[in-house]
Amino acid sequence: MKINKTNAARLLDKAKVAYELIPYEVDESDLSATHVAASLGEPVEQVFKTLVLHGDRSGHFVCVVPGEHEVDLKLAAKVSGNKKCDLIPMKELLPLTGYIRGGCSPIGMKKRLPTYIHRTCLDFPFVYVSAGTRGLQLKVAPRDLIRETGAEVCDLYTELLEEK
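Read on for an overview of the structure.

Regarding the overall build of the protein chain
- On a plain count of helices and strands, the protein chain comes out with five helices and eight strands.
- The N-to-C order of helical and strand elements in the protein chain reads α-β-α-β-β-α-β-α-β-β-β-α-β.
- For 164 residues, the compact-globule formula gives about 15 Å, and the C-alpha radius of gyration of the protein chain, at 15 Å, lands near that figure.
- Seen along its three principal axes, the alpha-carbon backbone of the protein chain occupies a region of about 45 × 45 × 35 Å.
- Within the span of the protein chain, comprising 164 residues, buried residues form 48% of the whole.
- Considering only intrachain contacts with a sequence separation of at least 6, the fraction spanning at least 24 residues in the protein chain is 61%.
- Looking at the protein chain as shown, the accessible area adds up to about 9000 Å², and 52% of this sits on carbon and sulfur atoms.
- In the protein chain, which carries 22 positive and 22 negative side-chain charges, the distance between the mean positions of the two groups comes to 9 Å.

Quick look at the structure:
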């Protein structure tokens, strides 16, 4: 099966970064990272989703978090130098990034935005992020992803401590 390269893949090629393009079956009714992880047969902690937010001071920025977690808006605001922030409205995603919901890659957005990635990415030899289209994931080493996006590694959600 021929896989068409995405802009994100071409940028990684140009930077001489090793990666794999991994196709998966798209379910238009379920674009969640949990579904993507199940389709890939990979742990959901290794499949990261790309979220675009708007802060009251910094403007737009990107958070990359493991698929089963929601970004903590208070933590995201703090790390990005904002008092408060929120996810952008869906209708703004394509004009701002060049990507659609379910296919938003942290690599190759129309404009390079400040990017923050949750620290657990460093727990794995590779992580998955969208390749820039629905049905295609990039399998890439976290340090390469961090370098290519200029991401800051930080906490973007709070772990709930399990009771013993």
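Structure's up, so let's keep going.
Some points on the pairing of strand β6 (residues 127-133)
- Of all seven residues in β6, five are buried, a share of seventy percent or more.
- Alignment of β6 against strand β7 (residues 136-140), held across five bridges, turns out to be antiparallel. Within the sheet, the bridge partner assigned to Thr-133 lies in β7 and is Leu-136.
- Counted between consecutive antiparallel strands, the loop separating β6 from β7 contains two residues, among which Gly-135 sits at a positive phi close to 90°.

Quick look at helix α1 (residues 7-14)
- Three or more residues of α1 are buried, namely Ala-8, Ala-9 and Leu-12. The arc that holds the buried residues of α1, viewed along the axis, is 100°, so those residues lie on one side.
- Those residues of α1 that are buried are in contact with β1 (19-23), β6, β7 and α5 (142-149).
- Immediately downstream of α1, the backbone of Lys-16 shows phi near 60°, a positive value.

Looking at the sheet that holds β1
- Taken together, three strands build an open sheet; the order of strands is β1-β7-β6 and the sheet is antiparallel. A strand with exactly one partner marks an edge of an open sheet, and here the two such strands are β1 and β6. Sheet twist, expressed as the mean angle between neighbouring strand axes with direction ignored, is 35°.

Describing the pattern of salt bridges
- Scanning all chains against the criterion turns up seven salt bridges.
- In this structure, Lys-139 and Glu-20 form a salt bridge, with 3.6 Å as the shortest nitrogen-oxygen distance. In this pair, Lys-139 is assigned in strand β7 and Glu-20 in strand β1, connecting sequence segments 119 residues apart.
- Look at Glu-20 and you get partly exposed, because its relative accessible area is 41%.
- Between Lys-49 and Glu-70 there is a salt bridge; the shortest N-O distance is 3.3 Å.

A word on the sheet that holds strand β2 (residues 48-55)
- Reading across from one edge, β4-β2-β3-β5-β8 is the order of the five strands in this open sheet, with mixed pairing throughout. The open sheet has two free edges, formed respectively by β4 (85-87) and β8 (152-154), since each of these has just one partner strand. Neighbouring strand axes in the sheet, compared pairwise and without regard to direction, differ in orientation by 35° on average.
- Here eight bridges tie β2 to strand β3 (residues 59-66), and the two strands are oriented antiparallel to one another. By the bridge assignment, Leu-51 is partnered in β3 with Cys-63.

Criteria and thresholds
- Residues numbered from 1 in each chain as written.
- Predicted model: local features only at pLDDT ≥ 70, side-chain atom pairs only at ≥ 80, totals over all residues.
- Heavy atoms only, no water.
- Helix = DSSP H or I, 4+ residues; strand = E, 2+ residues; numbered from the N terminus.
- Rg over C-alpha atoms; globule rule 2.2 N^0.38 Å.
- Buried < 20%, exposed > 50% of the residue type's maximum accessible area, 1.4 Å probe, protein only.
- Contact = heavy atoms within 4.5 Å.
- Areas by Shrake-Rupley, 256 points an atom, 1.4 Å probe, with all protein chains shown as cover.
- Lys, Arg positive; Asp, Glu negative; His and termini not counted.
- Charge placed at Lys NZ, Arg CZ, Asp CG, Glu CD.
- Pairing = 2+ DSSP bridges.
- Arc of directions from axis to C-beta.
- Axes fitted to C-alpha atoms, helices over the stretch in contact; angles between N-to-C directions.
- Salt bridge = Lys/Arg side-chain N within 4 Å of Asp/Glu carboxyl O.

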